[in-house]
Amino acid sequence: MRDTKESRLLLVLLIAIAFALITVDIRGGQESPVDGARQAAATVFGPVENGVAAAVDPLGNAIGAIRDSGKRHDRIAVLERENAALKVRLGSDARNQSRVRQLDAMLKKAASGQYGIKGAEVVAIGAAQGFSWTVTIDIGSRDGIARDMTVINGDGLVGRVTTVGPDTSTVLLASDPDFTVGTRMERTDELGFATGQGDRPLSVQLLNGKAKVRKGDRLVTFGSQAGRPFVPGVPVGEVVRVDPSGGDLTRNISVRPYVSFSKLDIIGVVVQAPRTDPRDSVLPPKPKAKPTPTVTVTVTPSAGTDGAGDADGAAADAPGTATAPDDAPGTDPGTGTDADTAARRDPAEPTDTGSAGTDTGTDDE
């Protein structure tokens, strides 16, 4: 349709008629004069509208799904990030609880021994130092750490500081073959030297070759001059094997360390030695011994040894011990012939007149 003056005038006229009809329809309400025309139009065009809607709805839904897919993808991404953050938080909470337990145990050890300590975290394993058993901690000279300081944790002796940097330090673990510490036995005060053996128990050489040692005996550090490199009283471990004494000047034993060197996390460097030797006060309490059950055996008498059996036995023996009457003819009262023997005797057998012990009552002429 061309844009002419007449076409514009026709468009304005149609618009004016439409507004007029809308006004009449609104003012007429339910009795509107155009209601019949509207119903007729609905009857004619309703099926057409439904068919067009049925054909167009899938396309509209697809367009809406495409439009909303970006929002759903973003929402899924947000939920995934929230889940990942929650998992990290839960994991960190479990780790924090474990570290709190380690720190609490270490502080109790330090309080028992009156050690002044600096807490530290293990940040690396000493692969860079070769094959030695070492760890790197996150404190150094700026924190007051110096070479040859004792390192402990909540279980006992960890090692000693060997290298110090401004912010980090290297700790030689007690399991290293080059590590040696003086020890004292809890029960007998026997002195010795413990040496690391990697992942095996510590090897301890006692100075007394005749020392009495048994499995389960516990050892602590003997201590060094001025507390360097070792402070006294730090738990070392307990005896798991005792080599037989061969009359040597020393005696060797194997000691399982209290510290698990493959699970180190929170440790402490002793920066101040105790004023007095804590002796055995830092050792953990001994477990209570379980009571040994007592077994009581009761003997029940058998049927052949009860009172009725004894009575029956006595009754059975009585006929064999009866004595014949003194005046019975042909019997000797002293011989004790019983009635059972007489009953079983053959009647044809001659009867003993008892001349050995019976008086005939006749005098010799």
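Thresholds, definitions, all that
Residues numbered from 1 in each chain as written. Predicted model: local features only at pLDDT ≥ 70, side-chain atom pairs only at ≥ 80, totals over all residues. Heavy atoms only, no water. Helix = DSSP H or I, 4+ residues; strand = E, 2+ residues; numbered from the N terminus. Buried < 20%, exposed > 50% of the residue type's maximum accessible area, 1.4 Å probe, protein only. Contact = heavy atoms within 4.5 Å. Areas by Shrake-Rupley, 256 points an atom, 1.4 Å probe, with all protein chains shown as cover. Pairing = 2+ DSSP bridges. Axes fitted to C-alpha atoms, helices over the stretch in contact; angles between N-to-C directions. Polar contact = N/O pair within 3.5 Å; in protein donor to acceptor, adjacent residues only side chain to side chain. Core = buried A, V, L, I, M, F, W, Y, C linked by side-chain atoms within 4.5 Å. Salt bridge = Lys/Arg side-chain N within 4 Å of Asp/Glu carboxyl O. Patch = residues over 30% accessible without salt bridge, like charges linked within 9 Å, V, L, I, M, F, W, Y side chains within 5 Å. pLDDT = per-residue confidence, 0-100. Phe/Tyr/Trp six-rings, centres within 6.5 Å; stacked < 30°, edge-to-face > 60°.

K.L.:
Please clarify how the overall build of the protein should be interpreted in this entry.
P.N.:
From N to C terminus, the protein includes four helices and 12 strands. The burial tally for the protein puts 25% of its 365 residues in the buried class. Once local pairs closer than 6 in sequence are excluded, the contacts in the protein between residues at least 24 apart make up 58%. When the accessible surface of the protein is summed, it comes to about 25000 Å², and 56% of that surface belongs to carbon and sulfur atoms.

K.L.:
When you look at the sheet that holds strand β5 (residues 169-173) in this model, what are you seeing that I'm missing?
P.N.:
A barrel is described by the order of its strands in space; here six strands give the closed sequence β1-β2-β5-β4-β3-β12, paired in antiparallel fashion. Here the strands of the sheet are splayed against their neighbours by 45 degrees on average, with no regard to which way each runs.

K.L.:
It is not clear to me how the sheet that holds strand β8 (residues 200-206) should be interpreted in this structure. Could you clarify?
P.N.:
Strand-to-strand pairing in sheets goes through backbone hydrogen bonds, with the strands running parallel or antiparallel. An order of β6-β7-β8-β11-β10-β9 is seen for the six strands of this closed barrel, with the pairing classed as antiparallel. With direction set aside, neighbouring strand axes in the sheet form an average angle of 45 degrees. Judged from the five bridges that link them, strand β10 (residues 235-242) and strand β11 (residues 251-257) form a sheet pairing that is antiparallel. Bridge pairing in β11 places Val239 opposite Val255.

K.L.:
I'm lost on the side chain of Asn153 in this one. Help?
P.N.:
Within the secondary structure, Asn153 is located in the loop between β3 (150-152) and β4 (157-164). The exposure class of Asn153 is buried, given its relative accessible area of 8%. For Asn153, the side chain forms a polar contact with the main-chain nitrogen of Asp155, separated by 2.9 Å. Not counting chain neighbours up to four residues away, the residues in contact with Asn153 comprise Met106, Lys109, Val158, Val259, Leu264, Ile266 and Ile267.

K.L.:
Any chance you could explain the nonpolar core here in plain terms?
P.N.:
Most often, soluble globular proteins keep nonpolar side chains buried together rather than apart. Core analysis: the biggest nonpolar cluster contains 42 residues, and Tyr115, Ile137, Leu157, Ile253, Leu264, Ile267 and Val269 have the highest contact counts within it. Each residue touching Ile137, except ones within four places of it in the same chain, is listed here: Ala120, Glu121, Val122, Val123, Asp167, Thr168, Ser169, Val171, Ile267 and Val269.

K.L.:
Looking at this structure, how should I read the pattern of salt bridges?
P.N.:
Once their charged atoms are close, side chains differing in charge can pair, the charge on each being opposite to the other. In total, this model carries 14 salt bridges according to the counting rule given. Across the pair Arg214 and Asp217 runs a salt bridge, and its minimum N-O distance is 3.6 Å. Classification of Asp217 by relative accessible area gives buried; the value is 6%. Beyond isolated ion pairs, a larger network of salt bridges with shared partners links Arg184, Asp189, Arg279 and Asp280.

K.L.:
Please explain the pairing of strand β7 (residues 191-197) as it appears in this structure.
P.N.:
Walk down a regular strand and you will see the side chains alternate between the two sheet faces. Side chains Gly192, Ala194 and Gly196 project from β7 onto a buried face, and the interleaved Leu191, Phe193, Thr195 and Gln197 project onto a face without burial. Summarising the sheet, strand β6 (residues 180-185) and β7 pair through five bridges and their orientation is antiparallel. From the neighbouring strand, Thr180 faces β7, where its bridge partner is Thr195. As consecutive antiparallel partners, β6 and β7 are separated by five residues, and within that stretch Asp189 has a phi angle of approximately 65 degrees, a positive value. With five bridges connecting them, β7 and β8 associate as antiparallel partners. Paired with Phe193 across the two strands is Gln205, which belongs to β8. Taking the residues that link successive antiparallel strands as the turn, the β7-β8 hairpin has two residues, and the phi of Gly198 there is positive, at about 70 degrees.

K.L.:
Is there a simple way to think about a nonpolar patch on the surface in this case?
P.N.:
A contiguous nonpolar surface patch, about 370 Å² in accessible area, is contributed by Leu10, Leu13, Leu14 and Ile17. Of note, Leu14 is situated in helix α1 (residues 5-28).

K.L.:
Looking at this structure, how should I read the confidence of the model for the protein?
P.N.:
Atomic detail in the predicted coordinates should be set aside for any region of low pLDDT. Residue-level pLDDT values for the protein average 75, and 60% of them are 70 or greater. Overall, residues 305-365 carries pLDDT values under 50, and its contacts beyond four positions in sequence, including any with other chains, amount to 18 contacts.

K.L.:
Looking at this model, I keep getting lost on unusual backbone geometry. Mind explaining?
P.N.:
With the exception of glycine, most residues fall at negative phi, and the peptide bonds are largely trans. Following Arg228, the chain continues into Pro229 via a peptide bond in cis, with omega recorded as 5 degrees. Considering the arrangement of structural elements, one finds Pro229 in the loop between β9 (218-221) and β10. Of note, Asp189 is a non-glycine position whose phi angle comes to about 65 degrees, a positive value. Checked against the element boundaries, Asp189 lands in the loop between β6 and β7. Residue classification places Asp189 among the partly exposed positions, given a relative accessible area of 36%.

K.L.:
Can you help me understand the environment of Glu186 in this one?
P.N.:
As for its position among the elements, Glu186 is in the loop between β6 and β7. Linking Glu186 and Leu219, residues 33 residues apart in sequence, is a C-alpha distance of 5.7 Å. Once residues lying within four places of it in the same chain are set aside, the contact partners of Glu186 are Arg218, Asp280, Leu283 and Lys286.

K.L.:
Even after reading the chapter, I still don't get the environment of Asn252, so can you show me in this structure?
P.N.:
For Asn252, the location among the structural elements is in strand β11. Expressed as a C-alpha distance, the spacing of Asn252 and Gln205, which sit 47 residues apart in the sequence, is 4.6 Å. Excluding anything up to four places from it in sequence, Asn252 contacts Val204, Gln205, Val242 and Asp243.

K.L.:
I keep staring at the packing of aromatic side chains and nothing clicks. Help me out?
P.N.:
Each aromatic ring pair is described using two quantities: the centre-to-centre distance and the angle formed by the ring planes. On inspection of all chains with the given rule, the structure shows one aromatic pair. Relative to Phe230, the ring of Phe179 lies with its centre 5.4 Å away and its plane at 75 degrees, an arrangement referred to as edge-to-face. Of the two residues, Phe179 is situated in the loop between β5 and β6 and Phe230 in the loop between β9 and β10; the sequence distance between them amounts to 51 residues.

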